[in-house]
Amino acid sequence: MPQRRTVTSRSQEPRRRFAEEVRELRERSGVSLRQLAERLGWDWSTLGKLETGHTLGSPEVAQALDRHYGTPGLLLALWELAVGDPTQFKEQYRRYMLLEAEAVSLWHFAVSILPGLLQADGYAREVLAAGGTKGEELAQQVEARVGRRALLVGEDAPPFRTILSEAVLRTPLRDAKAWREQLEHLAEVAERPNITLQVLPQGSGLHGLVSTDVMFLRLLDGQTVAYTETAYHGELVEENREVERLQRAYDSMRDLALSPAESRKFIGQMLEEAPCDPST
């Protein structure tokens, strides 16, 4: 097979391409990072990190740069491709990430850790750091993880059900402010029409998923796959018989959970009990 001809010298890797385009547009405009930062009212070092690929920023940043350079939709589209690029995740999760992005509905159970789709920035950072990730890799993995939240936002967002073991909500972060922000985020997403959040009380007793985090994905072709996970290993389950076995355990466990309304009230109580940030 002949090698693919490269039309330009720019990267075909989404994250790097976004950084290259941001830098190219600024250099063509003839301004320095500090001058651009002054015009936009931002920290110049943040813009510098965009150009080096150390951060992707937010969709608002991409839209503001599009407006500034008169490139409507270009940088935002590149930002979306970079955020959704599965290669930013560790190799063992990449196939799952591709399927997650294509799923028409998702349902989930958490034993001790919130699902990545619901993690606020501070929570994601502490969880990943506890697993040994650090330095620049930590910053990139946090950004990749919280970027997944975009999947559940918008008119076309798929329905998502999560059942959280009470232990998830009884295990606070070391950072009291970050923990309060996480609880506030949960309270907010629990009100969204496409998200159903339930809490499984500790007194519910043993059940078939007592030690297994699991996410079910229903795909466009009607197939359902499952992804099971521990702190050190994740496995994509595609064999119908195994998926059915996990689904039955999930359905039995769901019957033990609090209703969505009761669960929202439970999270509200957790917020009332959470310590306030001493600096406020």
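For clarity, every value in this text was computed on a predicted model and none was experimentally measured.

Engineer: Break down the confidence of the model for the chain for me, citing the residues and quoting the values.
Structural biologist: Per-chain confidence: the chain averages 86 in pLDDT, with 90% of residues scoring 70 or above. Mean pLDDT in the chain bottoms out at helix α3 (residues 44-52), which sits at 80, and peaks at strand β3 (residues 195-200), which reaches 98. Taken as a whole, residues 1-6 scores under 50 in pLDDT and shows 2 contacts with residues more than four places along the chain or in a different chain.

Engineer: Give a detailed account of the pattern of salt bridges, specifying residues and quantitative values.
Structural biologist: One pass over the full model with this rule turns up 13 salt bridges. Here Glu273 and Arg170 are joined by a salt bridge, their closest N and O atoms 3.5 Å apart. Remark: Arg170 occurs in the loop between α9 (166-169) and α10 (176-189) and Glu273 occurs in helix α12 (residues 260-273); sequence separation between them is 103 residues. A residue is classified by how much of its surface remains accessible, and Glu273, at 54% relative accessible area, is exposed. Taking the relative accessible area as the measure of exposure, Arg170 reaches 40% and is therefore partly exposed. Between Arg245 and Glu242 there is a salt bridge, with its nearest N and O atoms 2.9 Å apart. You can see Arg245 and its partner Glu242 sitting in helix α11 (residues 240-254), 3 residues apart, about one turn around the helix. What makes Glu242 partly exposed here is its relative accessible area of 32%. Among the ionic contacts, a cluster of salt bridges with common partners joins Glu166, Arg170 and Glu273.

Engineer: Run through the packing of helix α2 (residues 33-40) against α3, naming residues and quoting values.
Structural biologist: Contact pair α2 / α3: the axes reach a minimum separation of 8 Å and the direction vectors enclose 120°. Relative to α3, the element α2 lies oblique. You can see that α2 and α3 cross each other, and the crossing is right-handed. Residues Leu33, Arg34, Leu36 and Ala37 of α2 form the contact with α3, whose own contacting residues are Trp44, Leu47, Gly48 and Glu51.

Engineer: So what about the pairing of strand β2 (residues 160-165)? Which residues, and what values?
Structural biologist: In terms of burial, β2 is largely enclosed, as 5 of its 6 residues are buried. By the bridge criterion, 5 bridges tie strand β1 (residues 105-110) to β2 in an arrangement that is parallel. Note that in β2 the partner of Leu106 across the bridge is Phe160. As paired strands, β2 and β3 are joined by 6 bridges and run parallel to one another. Bridged to Leu164 within β3 is Val199.

What counts, and where the lines are drawn
- Residues numbered from 1 in each chain as written.
- Predicted model: local features only at pLDDT ≥ 70, side-chain atom pairs only at ≥ 80, totals over all residues.
- Heavy atoms only, no water.
- pLDDT = per-residue confidence, 0-100.
- Helix = DSSP H or I, 4+ residues; strand = E, 2+ residues; numbered from the N terminus.
- Contact = heavy atoms within 4.5 Å.
- Salt bridge = Lys/Arg side-chain N within 4 Å of Asp/Glu carboxyl O.
- Buried < 20%, exposed > 50% of the residue type's maximum accessible area, 1.4 Å probe, protein only.
- Axes fitted to C-alpha atoms, helices over the stretch in contact; angles between N-to-C directions.
- Parallel < 35°, antiparallel > 145°, perpendicular 65-115°, else oblique.
- Left-handed = near helix turned anticlockwise from the far one by under 90°.
- Pairing = 2+ DSSP bridges.

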